[in-house]
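Spelled out from the first residue to the last, the chains are:
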Amino acid sequence: MDNINPPEINGSIVNSNSSRLSCALPLTKAFDGMDMLAFSPSAFRISPLSIILVAPSLARSGCNFYTCEFPPPLSGDRGPTPQRIMKIESVTLRELQMPLVHFFETSFGRVYGRRIILVSIEADGVRGWGECVAGEDPFFSSEWIETAWATMKHYLAPALLNGDLSGGRECPARFARIRGHNMAKGALENAVWDAEATLKQQPLWKLLGGTRREIACGVSIGIQDTVEQLLGKIETELAAGYRRIKIKVKPGWDLNVLEKVRSRWPDIVLSVDANSAYTLDQTEHLRKFDAYNLLMIEQPLWSDEIYLHSRLQGAIRTAICLDESIRHARDADFALETGACRIINIKVGRVGGFTEAKKVHDVAQQHGVPVWCGGMLESGIGRTHNIALSSLENFRLPGDVSASKRYWKEDIVEPEVEVRADGMIAIRDTPGRGYRVREDLIQKLTVREETLRVGKV
Ligand code: OSB
Ligand code: MG
């Protein structure tokens, strides 16, 4: 390691070895080419009491950084910001009924409308919103709206209403005793992140650690009554600019459909989602998908299986993407270690909230595997949360994050989510989720509502 003089700062050097270089790297990259002395030390603060300084020129050639501890701030000094504590005064659960513009059919059935649970929390004078992505039935996952409502009411909301909370990050620890129920947990945790971003006057995407200023969008097209109808839909979505078409498949609606789609559009970015419609016995059949140059085949086998996907991945060329099978970061790690997939779909509800979603993202990134953001036919609340999550660096493939108008006559956020003609969504810079909530419309669509408060649960 080169020897350089530590920069002049009002603090003491507690560590100047290279063993923590990896931890300094993101900063090096972010400030590469800039003179670090031009920045105030607070620009490099990584925790309230310590900073890492990196000399870019030296970091490029080898490694040189300093961890410094600050003396307590003098009065009048801005000093390190104390950790903000939130107090959650109430949690409100609402069920909304929203008809879909067009039915959506997967291998497990068709839905014409959604029953959506929204969660709002009151904390220090701000309101945070979350959406529970559980379905109307226990078909995609064992969790469904009635289990989610009951679990939030009896277990999760009471865990949040009890004492101070530092922010969204702390929710998984609060919920740790409750096994499963990820979608219910995610709805509440994300409402906390949403409130936290507003309290900190920071865009939610920034608070989550995002860097992207625009995100690439794809569409998920359900099973239709006829192949002609499907082709018509693909044509519409391509004309709208979407960058990836995903079609739902199941036995009887797969190779025959792919043949027609590919002969009409030989070059579009195309993928399929089976939602667990096949078994390992059908490997020979699944191998035939290789002929269609697919970006991926999503969740071909059982929703609770990872290992058998690794057997299938070894037998086919098309990249497998796991959706249902990935419930948390350990699943992602196991899947990537065993070669069960080459792409991961992250649904924030499926993994239990932003904190775990970030962990799955990081695990995939460490394995050099791209992720993309899945959708669950969300209203504007869940949709805008998906946009914020998609701003993280390793969301390298177009997500199922598409425009409000593909699903709803009227969405409950303002402005509605719009996709540009180039198939991108621009990330907004406003604090919080960046889209206003239309509380009047929410009230109109609400069919049941319950508020839980401290001491009254
Ligand atoms: O597997 O991605 C899935 C919807 C319901 C249940 C499962 C899935 C889906 C979607 C919807 O594909 C994608 C979207 O929200 O546009
Ligand atoms: Mg899927």
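It should be emphasised that the depicted structure is a prediction, and the values quoted were computed from it without experimental measurement. (Residues numbered from 1 in each chain as written. Chains lettered and ligands numbered in written order. Predicted model: local features only at pLDDT ≥ 70, side-chain atom pairs only at ≥ 80, totals over all residues.)

Draft legend 1. Quick look at unusual backbone geometry. A cis geometry characterises the amide bond from E414 onward to P415, with omega recorded as -5 degrees. Position of P415 relative to the elements: it lies in the loop between β17 (413-414) and β18 (424-426). Despite not being glycine, Q201 has its phi angle at roughly 55 degrees, a positive value. With respect to the secondary-structure elements, Q201 resides in the loop between α5 (182-199) and α6 (204-207). (Helix = DSSP H or I, 4+ residues; strand = E, 2+ residues; numbered from the N terminus.)

Draft legend 2. Quick look at the packing of helix α3 (residues 145-161) against α5. Following both chains from N to C, one finds α3 and α5 inclined at 45 degrees, their axes separated by 9 Å at the closest point. What the angle tells us is that α3 and α5 run oblique. Of the two possible hands of crossing, α3 and α5 adopt the one that is right-handed. Within the contact between the two elements, α3 uses A148, T151, M152, L156, A157 and L160 and α5 uses M183, A184, K185, A187 and L188. A breakdown of the residues in the contact of α3 with α5 according to their chemical character gives nine nonpolar, one polar and one charged. (Axes fitted to C-alpha atoms, helices over the stretch in contact; angles between N-to-C directions. Parallel < 35°, antiparallel > 145°, perpendicular 65-115°, else oblique. Left-handed = near helix turned anticlockwise from the far one by under 90°. Contact = placed C-beta atoms within 7 Å. Nonpolar A, V, L, I, M, F, W, Y, C, P; charged D, E, K, R; others polar.)

Draft legend 3. Summary view of the site of ligand 1. Ligand 1 sits among T106, F140, S220, D273, N275, D323, G374, G375, M376, L377, D400 and S402. Residue composition of the shell around ligand 1, grouped by class: three nonpolar, six polar and three charged. (Near = placed C-beta within 6 Å.)

Draft legend 4. Focus on the environment of R110. In this fold, R110 is placed in strand β6 (residues 109-123). Taking the number of C-beta atoms within 10 Å as the measure of exposure, R110 has 10 and is therefore exposed. Distance from R110 to G222, taken between C-alpha atoms, is 8.7 Å for residues 112 residues apart in sequence. When near neighbours in sequence (up to four residues on either side) are disregarded, R110 contacts F103 and E105. (Buried ≥ 20, exposed ≤ 12 C-beta atoms within 10 Å, placed from the backbone.)

Draft legend 5. View of the packing of helix α11 (residues 329-337) against helix α12 (residues 354-366). Across the interface, α11 lies against α12 with an axial gap of 8 Å and an inter-helix angle of 20 degrees. On the basis of their axis angle, the class for α11 and α12 is roughly parallel. Classified by chirality, the crossing of α12 by α11 is right-handed. Counting all contacts with α11, which are made through A329, A332, D333 and L336, the residues of α12 involved are E356, K359, V360, V363 and A364.

Draft legend 6. Geometry of the nonpolar core. Core analysis: the biggest nonpolar cluster contains 111 residues, and I117, V119, L188 and I344 have the highest contact counts within it. Element by element, the count of residues in this core is highest for α5, at nine residues. Domain assignment of the residues forming this core places at least three in each of domain 2 (86-202 + 439-453) and domain 3 (206-429). What I117 contacts, discounting residues up to four positions off in sequence, is L93, R94, E95, C132, A134, I145, A148, W149 and A187. (Core = buried A, V, L, I, M, F, W, Y, C linked by C-beta atoms within 7 Å. Domains from an automatic or database assignment.)

Draft legend 7. Seen up close, helix α10 (residues 307-315). Within α10, the full set of buried residues consists of H309, L312 and Q313. Along the long axis of α10, the arc covered by the buried residues comes to 100 degrees, so they all point the same way. Residues Y307, G314 and A315 are exposed on α10 and point more than 90 degrees away from its buried face. Looking at the buried side of α10, the elements it contacts are α9 (283-287) and β14 (320-322). (Arc of directions from axis to C-beta.)

Draft legend 8. Here's a closer look at helix α8 (residues 255-264). Residues of α8 that are buried include every one of V257, L258 and V261, and no others. Looking straight down α8, one finds its buried side chains confined to an arc of 95 degrees; they lie on one side. In this structure, α8 carries N256 and S263 as exposed residues pointing more than 90 degrees from its buried face. Tucked into the core, α8 has its buried residues touching α7 (227-239), β11 (245-248) and β12 (270-273).

Draft legend 9. Representation of the pairing of β12 within the structure. By the alternation rule, side chains of β12 split into L270 and V272 and S271 and D273, which are all buried. Strand direction decides the pairing type here: β11 and β12, joined by four bridges, are parallel. Across the sheet, residue K248 finds its bridge partner in β12, namely D273. After leaving β11, the chain enters α8 and then returns to the sheet as β12, a path that is right-handed. Of the strand pairs in this sheet, β12 and strand β13 (residues 297-298) are connected by two bridges, and their pairing is parallel. Counterpart to D273 in the pairing with β13 is E298. (Pairing = 2+ DSSP bridges. Right-handed = clockwise from strand over helix to strand, strands pointing away.)

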